[in-house]
Amino acid sequence: MVQSNRKAPLARPYGRAETASAGVRPSVQSLIGVVDQSDPAFMFIAAELQRIRREGGEFDSETIAEAIKEGRGKHARHLQNEADRQPSRFPESIVYYAQRGSLVKIGYTSQPHKRFGNLIPDAVLAWEPGGRPEEAARHEEFKALRISRGAEYFHRDEILDAHIEAVRSAHGSPDPSWPTLANLAQKPGRLRLPDVPMTPHLVTLEAGTRALGIRLGTAHVWVHRGKLHHLLKDSSGTKLYLLADLKSLTEKRRNVA
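First things first, this report covers the structure right here in the doc. Numbers given for residues are sequential positions, taken from 1 along each chain in its written order. At least 70 in pLDDT is required for a residue's local features to be given in this predicted model, at least 80 for side-chain atom pairs to be given and counted, and no such filter applies to totals for whole chains, interfaces and linings, which use all residues. Derived side-chain values reflect all non-hydrogen atoms in the structure, with water molecules and hydrogen atoms excluded from consideration.

**Comments concerning helix α4 (residues 112-119)**
When a residue's accessible area, from a 1.4 Å probe over protein chains only, is under 20% of the maximum for its type it is buried; when over 50% it is exposed; and in between it is partly exposed. A helix here means a DSSP run of H or I that spans at least four residues, while a strand means a run of E at least two residues long, and both kinds are numbered starting from the N terminus. Within α4, the full set of buried residues consists of Pro112, Arg115, Phe116 and Leu119. Considered in projection along α4, the buried side chains sweep an arc of 90 degrees and stay on one side of the axis. Two residues form a contact once any of their heavy atoms are found within 4.5 Å. Looking at the buried residues of α4, the elements they touch are β1 (94-100), β2 (103-109), β3 (123-129) and β4 (153-155). In the segment just after α4, isoleucine 120 is the residue with positive phi, at about 45 degrees. As used here, the arc belongs to the directions running from the helix axis to the C-beta atoms.

This is the structure in structure tokens:
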């Protein structure tokens, strides 16, 4: 009896389709018994197994598991690359509604990831297509809610909340990857409130008065009289104020003088 030199087919630890797909290349056909054909990453996993075979590696549970892991990783990156090539649903410039505490900032940006990375709002509530003219129109529309002249922060009421909801319904939810306090808090080690000024808009009294060329004591008087309120505190507990508020009070003081 003549013994065949043909190797026994590889045992497949992940379950096997009953029949091979017709028209599959021979190099892939021989791997069908090892990889589950229903896996969306099948072709990428098969390519990894072919590489192992070319390099003289042995097929065992460890190398097969590694090939599956690598193949699925490459498949995921392929899908992401394909998605990146698709036209974005976000226009080149947007007007955004960002929550910080009880206030809403209405601004515009052409680089939302960078902008929100600097701003770190509590949440991005909505967005709509637009640039500086559209931003100015919204500022005018809700000027009665503006916390101070020149500021981009607005108090919330039923009309503004209804507008935000309408914008969100019309243009869809904000991108969940945009940096916010909420999603950064879910990534340990990624959330750190920077030293003052935390953003171009928030400062300590010391930093703000120094930047505007006024006395620190004057700002303390405004705080004591209720004319100036801190917006939030940084990670060390230092009170942060809107630079626009300080600037507005400074301008009023100089006009009176």
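**Section: the packing of aromatic side chains**
Stacked, tilted and edge-to-face are the three classes assigned to paired rings of Phe, Tyr and Trp, where Trp is represented by its six-membered ring and a pair needs centres within 6.5 Å; plane angles under 30 degrees give stacked, over 60 edge-to-face, the rest tilted. Scanning the entire structure with this criterion turns up two aromatic pairs. Ring geometry for tyrosine 96 versus phenylalanine 116: centroids 5.0 Å apart, planes at 80 degrees, classification edge-to-face. Remark: phenylalanine 116 occurs in helix α4 and tyrosine 96 occurs in strand β1; sequence separation between them is 20 residues. Centre to centre, the rings of phenylalanine 116 and tryptophan 178 are 5.3 Å apart; their planes meet at 45 degrees, and the pair counts as tilted. Of this pair, phenylalanine 116 sits in helix α4 while tryptophan 178 sits in the loop between α6 (158-171) and α7 (181-184); the two residues are 62 residues apart in sequence, bridging distant segments of the chain. The class for tryptophan 178 is buried, based on a relative accessible area of 2%. Chaining the aromatic ring pairs together yields one cluster made of Tyr96, Phe116 and Trp178.

**Observations concerning the nonpolar core**
Grouping buried Ala, Val, Leu, Ile, Met, Phe, Trp, Tyr and Cys residues that are joined through side-chain atoms within 4.5 Å yields what is termed a nonpolar core. Grouped together as the largest cluster of nonpolar side chains are 14 residues, with contacts concentrated most on Ile94, Tyr96, Phe116, Leu119, Trp127, Tyr153 and Trp178. Mapped by element, the contributors of at least two residues to this core are β1, α4, β3 and β7 (239-242). In terms of residue count, the dominant contributor to this core is β1 (three residues). Counting 12 residues, the second-largest nonpolar core is a separate cluster that includes Tyr97, Val104, Leu125 and Phe142.

**Considerations on the sheet that holds strand β6 (residues 232-233)**
Two strands are said to pair when DSSP picks up at least two bridges between them. Ordered by their spatial adjacency, three strands build an open sheet running β5-β7-β6, and the pairing between neighbours is antiparallel. Looking at strand neighbours, the two that pair on one side only are β5 (202-203) and β6, the edges of this open sheet. Pairing between β6 and β7: two bridges, direction antiparallel. Bridging across to β7, leucine 232 finds its partner in leucine 240.

**So, the pairing of β7**
Across two bridges, β5 lies against β7 in antiparallel orientation. Residue pairing across strands places leucine 202 opposite leucine 242, the latter belonging to β7.

**Observations regarding the layout of surface pockets**
Grid points spaced at 1 Å and placed over the protein atoms alone form the basis of the search, with a cavity being a set where a 1.4 Å probe fits but cannot get out and a pocket an open set showing protein on both sides within 12 Å along at least five of seven lines. Lining residues have an atom within 4 Å of a point. Grid points are joined across faces, edges and corners, and a volume is the space filled by probe spheres set on the points. The computed volume of the second largest pocket comes to approximately 250 Å³. Ile147, Ser148, Lys227, His229 and Asp245 are, among the 14 residues lining the second largest pocket, the residues nearest its centre. Under the grouping applied here, Gly and all other residues not named as nonpolar or charged are polar, the nonpolar ones being Ala, Val, Leu, Ile, Met, Phe, Trp, Tyr, Cys and Pro and the charged ones Asp, Glu, Lys and Arg. For the lining of the second largest pocket, the residue count by class is six nonpolar, five polar and three charged.

**Some words on the sheet that holds β1**
Across the sheet, which stays open at both edges, the four strands sit in the order β3-β1-β2-β4 with antiparallel pairing between neighbours. For this open sheet the edge positions go to β3 and β4, each flanked by a neighbour on one side alone. On average, each strand axis in the sheet is inclined to that of its neighbour by 25 degrees, with strand direction left out of account. The convention used is that axes are lines fitted to C-alpha atoms, helices contributing only their stretch in contact, and that angles between N-to-C directions extend from 0 to 180 degrees. Sheet strands touched by helix α5 (residues 132-141): β1, β2, β3 and β4. Its angle to β2, the strand with the most contacts, is close to 160 degrees. Strands β1, β2, β3 and β4 of the sheet are contacted by α6, whose axis makes an angle of about 65 degrees with β3.

**Overview of the pairing of β2**
Burial of β2 is extensive: six of the seven residues sit out of reach of the surface. As judged from the seven bridges shared by β1 and β2, these two strands associate in the antiparallel manner. Bridge assignment links tyrosine 96 to a residue of β2, and that residue is glycine 107. With antiparallel pairing between neighbouring strands as the criterion, β1 and β2 make up a hairpin whose turn holds two residues, including glycine 101 at a positive phi of roughly 65 degrees.

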